[in-house]
Amino acid sequence: MNYKDTVNWMFQQLPMYQNKGKSAYKKDLSNTLRLTQRLGKPQDGFKSIHVAGTNGKGSTSHMLASVFQEAGYKVGLYTSPHLKDFRERIRINGIAVSKHFVIGFIKRNKAFLEANNLSFFEMTVGMAFDYFAKQKVDIAVIEVGLGGRLDSTNIITPKLSIITNIGFDHMQFLGDTLDKIAAEKAGIIKANIPVVIGETHEETKEIFKVKAKEANSNILFADKLISEVFESDLKGSYQKHNIKTVMQSVKVLQQSGFQISETQLKKGLLNVVKNTGLQGRWQVIGENPKIICDTAHNKEGLTYVLEQLRSEVFEKLHIVFGVVNDKDLDTIITLLPKHAIYYFCKPNVQRGLDARKLQSIFSRNGLMGTTFISVEDALNKAKSKATEDDIIYVGGSTFVVAEII
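Predicted model only: the values in this text are computed from it and were never measured.

What counts and what doesn't
Residues numbered from 1 in each chain as written. Predicted model: local features only at pLDDT ≥ 70, side-chain atom pairs only at ≥ 80, totals over all residues. Heavy atoms only, no water. Helix = DSSP H or I, 4+ residues; strand = E, 2+ residues; numbered from the N terminus. Pairing = 2+ DSSP bridges. Axes fitted to C-alpha atoms, helices over the stretch in contact; angles between N-to-C directions. Contact = heavy atoms within 4.5 Å. Expected span 1.5 Å × (residues − 1). Bend = angle between axes of the 7 residues up to and from the residue. Buried < 20%, exposed > 50% of the residue type's maximum accessible area, 1.4 Å probe, protein only. Disulfide = S-S within 2.5 Å. Left-handed = near helix turned anticlockwise from the far one by under 90°. Nonpolar A, V, L, I, M, F, W, Y, C, P; charged D, E, K, R; others polar. Arc of directions from axis to C-beta. Polar contact = N/O pair within 3.5 Å; in protein donor to acceptor, adjacent residues only side chain to side chain.

Student: How should unusual backbone geometry be read in this particular structure?
Tutor: Apart from glycine, the bulk of residues carry a negative phi angle, and the bulk of peptide bonds sit in the trans form. That bond from Ser80 to Pro81 is cis: its omega, -10 degrees, falls within 30 degrees of zero. Tracing the chain through its elements places Pro81 in the loop between β2 (75-78) and β3 (90-92). Even without being glycine, Asn117 reaches a positive phi, approximately 50 degrees. Its location among the elements puts Asn117 in the loop between α5 (99-115) and α6 (120-134). We note that Lys136 has phi near 55 degrees; this positive angle belongs to a residue other than glycine. Relative to the assigned elements, Lys136 resides in the loop between α6 and β5 (139-143).

Structure, rendered in structure tokens:
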């Protein structure tokens, strides 16, 4: 199989959360352990940092990787989902894993993967860990896929665990209260390994403290300890929380022997996009009219993004919007501005919500607009309608943003 065949096989033959949602979620680590056993336990062959959280874990992971790169380390970075190409998920010093490695990994392990019915996510984690071990990275930043306790990545013993924040998302898997969601995220706290919590929430603070005490793990709340926030090339107003998380994390990692100067920390935060290839975070993709896209897709994420949108200067606001079909729209619809002109679209994944259904729900709530057959069509119409002094915002889902960058 060539690269395209290989990736298509991974996408089509196996349950994949990106497309199928709940049916692809496995509440068990046994498959991942079975695969890594076959691969010679690659997760034990490199140092790591484990990053969980409802929002901000992707940005935080990329910031940390950038900082380590500026400090001269060889840095593995594992994140999900990808926007354009599967290989974005597995990088070393910002460079995506080679097509050759992806093809070879699947070829060598295909019979095993099929026989054991591994999910897309399980095999991808195995591939990433195998790659990082073989390439002898100095440190790997590993982003949790979903939750924490039962996530496929949770077989590592990191140098530091990070939980950015807790909010309502993926409740069909993680529970319907902040307590339950926090308990799942707290599952990445390991015995005698420090943990940094990015944002303190009164409802969940004690859950983390209790879990950390049980694990004899030193717990630090970044927002209570960091006052000065360094600048970053990631310009979303919400990034200030992630920057504090990274700054506190670097302090902990310095204490455990990593050599990172303040200059390298500042430089890393300023060069995240250049060093890691991160996209889709308050990304300006056009001017006159200004076009902004962001992957925020839940209440907490959209609250920050829409707050920042309101601070922009514009005549009219055009919003290109699409979601997946398991999104709890009740939690986000009240956040969205009624004065905007909406362009409803369906992201091109199985889980995409039909644009006409989205329009129907929005119109009942006083948000008016037109439906389009694709994200591209919706954006093109918004561009043709907007004047130079307007703003176009594209979002609602990672998969909507993926189609236009």
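Picking up after the structure, the text goes on.
Student: In this structure, what is going on with the sheet that holds strand β13 (residues 369-371)? I would like to understand it.
Tutor: In a beta sheet, neighbouring strands pair by backbone hydrogen bonds and run either parallel or antiparallel. Strands sit in the order β9-β10-β14-β11-β12-β13 across an open sheet of 6 strands; the sheet is mixed. What marks the edges here is a single partner per strand, and that holds for β9 (283-286) and β13. Going from strand to strand, the sheet's axes swing by 20 degrees on average, the running direction of each strand aside. Across 4 bridges, the pairing between strand β11 (residues 317-321) and strand β12 (residues 341-344) is parallel. Opposite Ile319, over in β12, you have Tyr342 as the bridge partner. The sheet contacts of helix α14 (residues 299-310) involve β10 (290-293), β11 and β14 (391-395), and relative to β14 the element is tilted by about 170 degrees.

Student: Mind showing me how you'd approach α5 here?
Tutor: Given 3.6 residues per turn, any residue in an α-helix points the same way as the ones three and four places further on. A rise of 1.5 Å per residue sets the reference length of α5, with its 17 residues, at 24 Å; its end C-alpha atoms lie 24 Å apart and thus fit the reference within 8%. Approximately 65 degrees is the largest bend angle found in α5, and it occurs at Asn109. Among the residues of α5, Phe101, Val102, Gly104, Phe105, Ile106, Asn109, Phe112 and Leu113 are the ones counted as buried. Phi turns positive one or two residues past the end of α5, at Asn117, with a value near 50 degrees.

Student: How should I be thinking about the state of the cysteines in this particular structure?
Tutor: Chemically, a disulfide is nothing more than a covalent bond linking the sulfur atoms of two cysteines. As enumerated under the stated definition, the model contains 0 disulfides in all. The structure places no disulfide on Cys293, whose sulfur is separated from the nearest cysteine sulfur, that of Cys345, by 13 Å. Of the residues examined, Cys293 reaches a relative accessible area of 0% and is grouped as buried. What makes Cys345 buried here is its relative accessible area of 0%.

Student: What should I look at first to understand the packing of helix α8 (residues 178-185) against helix α9 (residues 202-214) in this one?
Tutor: Packed helix pairs are specified by the crossing angle of their axes together with the interaxial distance, meaning the distance between the axes. Viewed as axis vectors pointing N to C, α8 and α9 meet at an angle of 35 degrees, and their least axial separation amounts to 9 Å. The hand of the α8/α9 crossing is right-handed. Listed contacts from α9 to Leu178, Asp179, Ala182 and Ala183 of α8 are Glu203, Thr204, Ile207 and Phe208. When the residues that make up the contact of α8 with α9 are grouped by side-chain class, the tally is 5 nonpolar, 1 polar and 2 charged.

Student: Can you walk me through helix α16 (residues 355-364) in this structure?
Tutor: What α16 keeps buried is the set Ala355, Leu358 and Phe362. Down the axis of α16, the smallest arc covering the buried residues is 60 degrees, so these residues share one side. Those residues of α16 that are exposed and angled more than 90 degrees off the buried face are Arg356, Lys357 and Arg364. Structurally, α16 contributes buried residues whose contacts are with β11, α15 (330-333), β12 and β13. A distance of 2.9 Å separates the backbone nitrogen of Arg356 from a side-chain oxygen at the start of α16, and that oxygen is part of Asp354.

Student: Even after reading the chapter, I still don't get the sheet that holds strand β8 (residues 219-221), so can you show me in this structure?
Tutor: With mixed pairing, the 8 strands of this open sheet are ordered in space as β4-β3-β2-β5-β1-β6-β7-β8. The open sheet has two free edges, formed respectively by β4 (95-96) and β8, since each of these has just one partner strand. Here 3 bridges tie strand β6 (residues 160-163) to strand β7 (residues 195-197), and the two strands are oriented parallel to one another. Directly across from Ile162, in β7, lies its bridge partner Val196. Of the strands in this sheet, β1 (48-52), β2, β5 and β6 are in contact with helix α4 (residues 57-70), which crosses β5 at around 170 degrees. This element, α9, spans β6, β7 and β8 of the sheet and lies at about 155 degrees to β8.

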